[in-house]
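Residues per chain are reported as follows:
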Amino acid sequence: MNVSIIGTGYVGLTTGACLAFLGHKVTCIDADERKVKALQAGKIPFYEPHLPELVAGARHNLSFTTEYAQSIPTSQVIFIAVGTPPGQNGAPDLKYLEAAARGIGEYLSGDFVVVVNKSTVPIGSGNWVESIVRDAYEKRTSKKANGVFAVASNPEFLREGSAIFDSLYPDRVVVGSDNQRTAEVLYSLYRPLLEQTFIAPSYLPRPDRMGAVPLISADLASAELIKYAANAFLALKISYINEIGQLAEKVGADITQVAKGIGLDARIGTRFLQAGIGWGGSCFGKDTAALVATAGEYGLDAGIVKAAREMNRRQRERVVDKLLDELKILKGRTICLLGLAFKPDTDDLREAPALDIARKLIERGARVKAHDPVAMSRFLQEYPDLDVTLCASAEEAAQDCDAVVLVTEWQQYRELDWESIKNSMRGQVLLDGRNLLDRARLAKAGFRYLSLAG
Ligand SMILES: NC(=O)c1ccc[n+]([C@@H]2O[C@H](COP(=O)([O-])OP(=O)(O)OC[C@H]3O[C@@H](n4cnc5c(N)ncnc54)[C@H](O)[C@@H]3O)[C@@H](O)[C@H]2O)c1
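These figures come from a predicted structure and were not determined experimentally.

Engineer: Would you mind going over the sheet that holds strand E13 (residues 429-432) with me for this structure?
Structural biologist: One key point about sheets: their strands pair by backbone hydrogen bonds, in either a parallel or an antiparallel sense. In spatial order, the strands read E11-E10-E9-E12-E13-E14; together these 6 strands make up an open sheet with parallel pairing. Both edges of this open sheet fall to strand E11 (388-390) and strand E14 (448-451), since each of them pairs with a single strand only. For this sheet, the mean inter-axis angle between neighbouring strands, taken without regard to orientation, is 25°. The strands that helix H11 (residues 303-327) touches are strand E9 (334-338), strand E12 (403-406), E13 and E14; relative to E13, the one it contacts most, it runs at about 160°.

Engineer: I would appreciate a short explanation of the site of the ligand in the present structure.
Structural biologist: Around the ligand, the structure places 26 residues, and the nearest of them are Gly7, Gly9, Val11, Tyr96 and Ser119. The set of elements that each furnish at least two residues to the shell around the ligand consists of helix H1 (10-21) and helix H4 (95-107). Looking at the shell around the ligand residue by residue, the class counts come to 12 nonpolar, 9 polar and 5 charged.

Engineer: Is there a simple way to think about the packing of H11 against helix H12 (residues 353-363) in this case?
Structural biologist: Helix-helix packing is described using two parameters, namely the angle between the two axes and the distance between the axes. Contact pair H11 / H12: the axes reach a minimum separation of 10 Å and the direction vectors enclose 40°. On the basis of the axis angle, H11 is oblique to H12. Where H11 crosses over H12, the two elements pack in a sense that is right-handed. Residue-level inspection shows Arg316, Val319 and Val320 of H11 in contact with H12, the latter providing Pro353, Asp356, Ile357, Lys360 and Leu361. The residue inventory of the contact of H11 with H12, partitioned by class, reads 5 nonpolar, no polar and 3 charged.

Engineer: Help me out: how do you make sense of H4 in this one?
Structural biologist: Helical geometry: 3.6 residues make up each α-helical turn, so side chains three or four residues apart lie on a common side. For H4, with 13 residues, the first-to-last C-alpha span of 19 Å sits near the 18 Å given by 1.5 Å per residue. Along H4, the positions that sit buried rather than exposed are Leu97, Ala100, Ala101, Gly103, Ile104, Gly105 and Tyr107. Where H4 is buried, its residues contact strand E1 (2-6), strand E4 (77-80), strand E5 (113-117) and helix H5 (125-141).

Engineer: Hey, could you run me through the environment of alanine 358 in this one?
Structural biologist: Of note, alanine 358 is situated in helix H12. By C-beta crowding, alanine 358 is classed as buried, having 25 other C-beta atoms within 10 Å. As for alanine 358 and alanine 136, which are separated by 222 residues in sequence, their C-alpha atoms are 46 Å apart. In contact with alanine 358, not counting residues within four places along its chain, are Leu337, Val368, Leu386 and Val388.

Engineer: Help me understand the domain arrangement of the protein in this model?
Structural biologist: Accessible area lost upon the coming together of the parts serves often as the stated size of an interface. Taken as a whole, the protein is organised into domain 1 (2-218) and domain 2 (318-451). Relative placement of domain 1 and domain 2: their C-alpha centres are 37 Å apart. Residue-level contacts link 8 residues of domain 1 with 7 residues of domain 2. Class assignment for the residues of the side of domain 1 that touches domain 2 results in 4 nonpolar, 2 polar and 2 charged.

Engineer: Help me out: how do you make sense of H1 in this one?
Structural biologist: A rise of 1.5 Å per residue sets the reference length of H1, with its 12 residues, at 16 Å; its end C-alpha atoms lie 16 Å apart and thus fit the reference within 8%. The buried fraction of H1 is high, at 12 of 12 residues. Among all positions in H1, only Tyr10, Val11, Gly12, Leu13, Thr14, Thr15, Gly16, Ala17, Cys18, Leu19, Ala20 and Phe21 are buried. Elements in contact with the buried residues of H1: E1, strand E2 (25-29), helix H3 (51-57), strand E3 (62-65), E4 and helix H6 (163-168). Where H1 terminates, the next one or two residues include glycine 23, which has phi positive at roughly 110°.

Engineer: How should I be thinking about the pairing of E13 in this particular structure?
Structural biologist: On any regular strand, side chains alternate: one points to one face of the sheet, the next to the other face. With burial as the criterion, each face of E13 is covered, one bearing Val429 and Leu431 and the other bearing Leu430 and Asp432. For E12 and E13, the ladder comprises 4 bridges, and the chain directions are parallel. From the neighbouring strand, alanine 403 faces E13, where its bridge partner is valine 429. Read as a crossover between parallel neighbours, the route from E12 over helix H15 (residues 418-424) to E13 is right-handed. Strand direction decides the pairing type here: E13 and E14, joined by 4 bridges, are parallel. Within the sheet, the bridge partner assigned to leucine 430 lies in E14 and is tyrosine 449. Handedness of the E13-helix H16 (residues 439-444)-E14 crossover: right-handed.

Engineer: Honestly, the pairing of E1 in this entry has me stumped. Any pointers?
Structural biologist: Taken across its 5 residues, E1 has 4 buried, putting it largely inside the fold. With 5 bridges connecting them, E1 and E2 associate as parallel partners. The residue of E2 that forms the bridge with isoleucine 5 is cysteine 28. Handedness of the crossover joining E1 and E2 through H1: right-handed. Bridging between E1 and E4 involves 4 bridges; their strand directions are parallel. By the bridge assignment, isoleucine 6 is partnered in E4 with isoleucine 80.

Engineer: Hey, could you run me through unusual backbone geometry in this one?
Structural biologist: Leaving glycine aside, a negative phi is the common case for residues, and trans is the common case for peptide bonds. Its identity is not glycine, yet serine 142 carries a phi of approximately 55°, on the positive side. Note that serine 142 resides in the loop between H5 and strand E6 (149-153). The class for serine 142 is exposed, based on 7 C-beta atoms found within 10 Å.

Calculation rules
- Residues numbered from 1 in each chain as written.
- Predicted model: local features only at pLDDT ≥ 70, side-chain atom pairs only at ≥ 80, totals over all residues.
- Pairing = 2+ DSSP bridges.
- Helix = DSSP H or I, 4+ residues; strand = E, 2+ residues; numbered from the N terminus.
- Axes fitted to C-alpha atoms, helices over the stretch in contact; angles between N-to-C directions.
- Contact = placed C-beta atoms within 7 Å.
- Near = placed C-beta within 6 Å.
- Nonpolar A, V, L, I, M, F, W, Y, C, P; charged D, E, K, R; others polar.
- Parallel < 35°, antiparallel > 145°, perpendicular 65-115°, else oblique.
- Left-handed = near helix turned anticlockwise from the far one by under 90°.
- Expected span 1.5 Å × (residues − 1).
- Buried ≥ 20, exposed ≤ 12 C-beta atoms within 10 Å, placed from the backbone.
- Domains from an automatic or database assignment.
- Right-handed = clockwise from strand over helix to strand, strands pointing away.

Right, dumping it as structure tokens:
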């Protein structure tokens, strides 16, 4: 099929590359000229494992442009994957979505096309997008848009850092539409994925027990709510284990053992039960805020989701509180942050806890040094005013510091020569914000080992 993807970010580029890999002819459209030029030159604008190989391998089916005119008129399926950043009062800012919908309406040819919302959008946005595409089409052609297009919702569940794996081997595909023909088009588009009939790439083999992928066919509103409900639930799990972690600390329990003990109950599951600094990233904060805002519009109080948000906010403060307890005075101290990205295997810094923690420490007069395996160049581009000294290695970042805070659980930090790091430091405090490190080994190396829980 001919497919257009509007918005070539983490979601749009991954989706485009996967669909091209599955054999579709994909055109990725982005408003950012620099990004498109880089992609045309074969450069991937962000760090995502295996994306370069996937894009290179699917090159013959993949093109990049800033021009809607280049592919919208000939597409059978058009995905919208533009950003929906936080706006006022918790609701997302939909200006990119609106521009994309208008752009589609201005270039539709008149042959039936499915417009798919992959961006995370508030409930009811499907109808709103429909009206914008319709208005733009009717204004341009002076013809009725009936039968020219239909809107579907196809929420995205990929995790940055394992986006390609999640896209090729998803737990489920959710399609929301109020129209049978639309559902059929999307079924054919995704057939190789749903039936797992494609030849798996050598660098990402199919998991052993992978069967057919369940397709959840829903109405538009249900599909839109599924996305918010899923993200909010994952956020709740993290905040819940952090709440239990606080109690574990008081009663002298080990939260990693507690998490394992409850997570192995199949009804609960071990994932998203890692106590620590809490979530960051572009989705959980924004989507939980949007869910609270939507509930409020209907006179409901999403109290559980609100509490999860508050717990997450407090975990970042607790990092500074713990350092203050240990060091007594932060003014004039030098603190090393290990990890800047909001999680490992990505360079995404949106809502990253490290940014908040660095700001709070600087406000209190501390100097901040930091290291991240992949996110430092993005940090320099996006946060030139945040006064953090970036270092080429974790060892260099820790040198002469009063305390080290492990913020992002990059596996390589586990393997560091902690003994020699300790010897190069001025102080001895190590705050393991992700319960990643071997407490006994660090204590033996002479560290005063702290964590946020137990
Ligand atoms: N990043 C994730 O892990 C993730 C996971 C699931 C869902 N989502 C949702 O997917 C959506 C996209 O997220 P992302 O992280 O890929 O965003 P992103 O910021 O990485 O990419 C968005 C892209 O859209 C482009 N764009 C904006 N307006 C445009 C327009 N009118 N025409 C063409 N291009 C335009 C921007 O230049 C940018 O390249 C959001 O709604 C997000 O909530 C993201």
